[in-house]
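Overview (structure and organization)
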Amino acid sequence: MRYIGNKTRLLDNIRELLDEKHLTEGAFADLFTGTASVADHFKDRFTIIANDIEYYSSVFAEAKVLNGDVPKFQNFVNIYGESPFSFFNNTDADSLSNRGFIAQNYSPLGNRMFFQEDNAKRIDFIRNKIEELYNQDVLSRNEYIFLLASLIESVMRVSNTSGTYEAFFKTWESRSKRKMLLLPLSLESKHVLTPNKNKVFNEDANDLARKISGDIVYIDTPYTVTQYASAYHLLETIALNDQPELVGKTGRRKGRKMSDYNRKQKALLEFSDLFRQLNFDHIIMSYSNQSIVPIDRILDLIKQFAIPGTIDVKKTDYREYKNLNESSKRNGNHLQEYLIYFKKDRSVIKSPLNYAGSKDLIIDKIIKNLPRHISTFVDGMAGAYNVGINIKGVNQVFYNEKMPLISSLMQELLIKEAAYSEDKIRNIIKKYHLTPKNKEAYLALRHEFNQGNINHHLYELYVLSLYSFQHMIRFNRKGEFNVPVGNSGFNDEVIERLQKFNTNVPVAFDSISIQELPFKDFDRNTLFYFDPPYIITSAAYNDGNRMNVAWTEDDEISLLKYIEKMDKAGYKFLLSNVIRHKGKTNEVLANWIQKNNYTMIDVGKTGRRFPRHEVLVRNY
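Residues numbered from 1 in each chain as written. Predicted model: local features only at pLDDT ≥ 70, side-chain atom pairs only at ≥ 80, totals over all residues. Heavy atoms only, no water.

1. Some thoughts on the overall build of the chain
Counting its regular elements, the chain contains 22 helices and 17 strands. For the chain, the proportion of its 620 residues judged to be buried stands at 56%. Counting contacts in the chain only where the partners sit at least 6 residues apart, residues at least 24 apart contribute 73% of the total. Split by element, the accessible area of the chain, about 27,400 Å² in all, is 46% carbon and sulfur. A distance of 2 Å separates the average location of the 84 positive side-chain charges in the chain from that of its 76 negative side-chain charges. (Helix = DSSP H or I, 4+ residues; strand = E, 2+ residues; numbered from the N terminus. Buried < 20%, exposed > 50% of the residue type's maximum accessible area, 1.4 Å probe, protein only. Contact = heavy atoms within 4.5 Å. Areas by Shrake-Rupley, 256 points an atom, 1.4 Å probe, with all protein chains shown as cover. Lys, Arg positive; Asp, Glu negative; His and termini not counted. Charge placed at Lys NZ, Arg CZ, Asp CG, Glu CD.)

Below is the structure:
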């Protein structure tokens, strides 16, 4: 089939890569399925998830991955005495109406030369009859889709084009002069491993990535400025049979679904979002040296998401599909295709600092609710940095925490090598003979810390938090650390967190109040994330006026007003908060959400003894 980006000639390469990585079972997703050649090829080996934003492509996929061969059409044969293919092909063209949508708009009857008039009339007849037979229960859903896919493929055999529908020839090409015959869809005749589990979607891939999961995902995004919605608009119209409003000399569908993967200014942001949202272990990606995002930039992005050492790039020469946009995409380069493999790092990084309100348990829900395009992620009330450290695929994360000590401590733990921090910690533990519940040793460290310049005792502060009651960090009005001893210490879990606490995303640090945060200094693709203390719960930072960090209802109102101001200026925000706890409702928050018509997402209940009903609030 003549189709831009068709991967039939790469199937052997993909199969060899799967074998090399010992990927032999599980759920295999083909998110940009096109003609579904990849999904079709692996339907005997994996449970298939196929998807495409174009409906005609999802029709191809459904017909192929649910069938190991041509359906029998037994009910149709019982009624009509022949197969539907014979029935349609034996219908006399003279008996067909010229009032169909395709004939009236894409043949000389509509002053366009995509199809000969008789072929256009035949297309209309077949398409409408397929719909009628399905509505009359003569055809099952599977048979209906198979016939529809067969029609779309058969149409391409008699189109008076170079392969796409961006233009038609001004004279009739020999292919277009042939009588259109409805032939069974080309598919691989093989056993379908899990026909009852295979799924086909007709969605935007980035949206779908937020909903599905599996083992292996194959990505074959558009590479160039060519929009498939324009290149194959006619196939979409035949598939949908919806008689849309048409525009332009070629009769394109008005309101076509255009992809940001074809836009130079947005494609990299689309890739970032897709990689961020994919809930798959193994990612295989087809790419090209003629893509609008250079291959080196894609690989740099992949490094943010891949488990180190798992990226594998294979290169092969490939015959280029030539169309109207060939001159704009070649740039003098011979086409080379890449197969890129990496194993996604799906782990959640947990801060080595135990801090009230930590979001490590709902990171997955926060990520699923991120907007598609993020340049900078501003963690406005970052605390232990459990959220920002897990955000990837952005140009920068901006860490801000009002408490200078916490900000400096997190910067130190992030920047310094884990081995360096571990040595500093062990030396302090050894010096004071610290053990869990050892009150005397703990108070000795606490006393010395409070006597010194706390800005130069970050590791002492960290060690105090490890051995303090419930790992709290709290100061009295004099600025003295005043938490009693606890029953924990420096254990294997803490060591593991220290070792994993790192990122390859650039991070900037600051320690200012929210009202001082200059949001207008950031571009409009910045996302501002806020995680304030919860006014209807109790924690070390809001149970009294300690070091001016108490959180009151007035503080809540001030924050919400600031966010509202940001929203009106056109910036995106995401807010974590608690809407209900122990019979109380955060009325300030609830009224603010309703007044501004913001979206509230229920992320469930957290906490054991007294569960908190947590929510996310966003303006996008």
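Now that the structure is up, let's keep going.
2. Notes on the pairing of strand S7 (residues 280–288)
Most of S7 sits inside the fold, with eight of its nine residues counted as buried. As judged from the five bridges shared by strand S4 (residues 214–219) and S7, these two strands associate in the parallel manner. From the neighbouring strand, glycine 214 faces S7, where its bridge partner is phenylalanine 280. Where S7 meets strand S9 (residues 336–343), seven bridges bridge the pair, whose relative direction is antiparallel. Opposite isoleucine 283, over in S9, you have phenylalanine 342 as the bridge partner. (Pairing = 2+ DSSP bridges.)

3. Considering the confidence of the model for the chain
When pLDDT is averaged along the chain, the result is 93; 94% of the residues meet or exceed 70. When the criterion is pLDDT under 50, residues 323–330 qualifies, and its contacts beyond four places in sequence or with other chains add up to 18 contacts. pLDDT under 50 marks residues 540–548. Its contacts with residues more than four places away, or in other chains, come to 26 contacts. (pLDDT = per-residue confidence, 0-100.)

4. What about helix H1 (residues 11–20)?
The periodicity of an α-helix, 3.6 residues per turn, causes residues three or four positions apart to be oriented the same way. For H1, the set of buried residues is Leu11, Ile14, Leu17 and Leu18. Taken around the axis of H1, the buried residues stretch over an arc of 125 degrees, which confines them to a single face. Just downstream of H1, histidine 22 is the residue with a positive phi angle, here 60 degrees. (Arc of directions from axis to C-beta.)

5. Comments concerning the packing of aromatic side chains
Within the structure shown, the criterion is met by 43 aromatic pairs. With centroids separated by 5.7 Å and ring planes inclined at 75 degrees, the aromatic side chains of phenylalanine 76 and phenylalanine 87 adopt a geometry described as edge-to-face. Residue phenylalanine 76 is found in helix H4 (residues 74–80), and its partner phenylalanine 87 is found in helix H5 (residues 84–89); the two are separated by 11 residues along the sequence. Just as phenylalanine 76 is buried, phenylalanine 87 falls in that class too. Over the ring of tyrosine 571 we find arginine 524; its NZ or CZ atom is 4.6 Å from the centre of that ring. (Phe/Tyr/Trp six-rings, centres within 6.5 Å; stacked < 30°, edge-to-face > 60°. Lys NZ or Arg CZ within 6 Å of the ring centre and 35° of its normal.)

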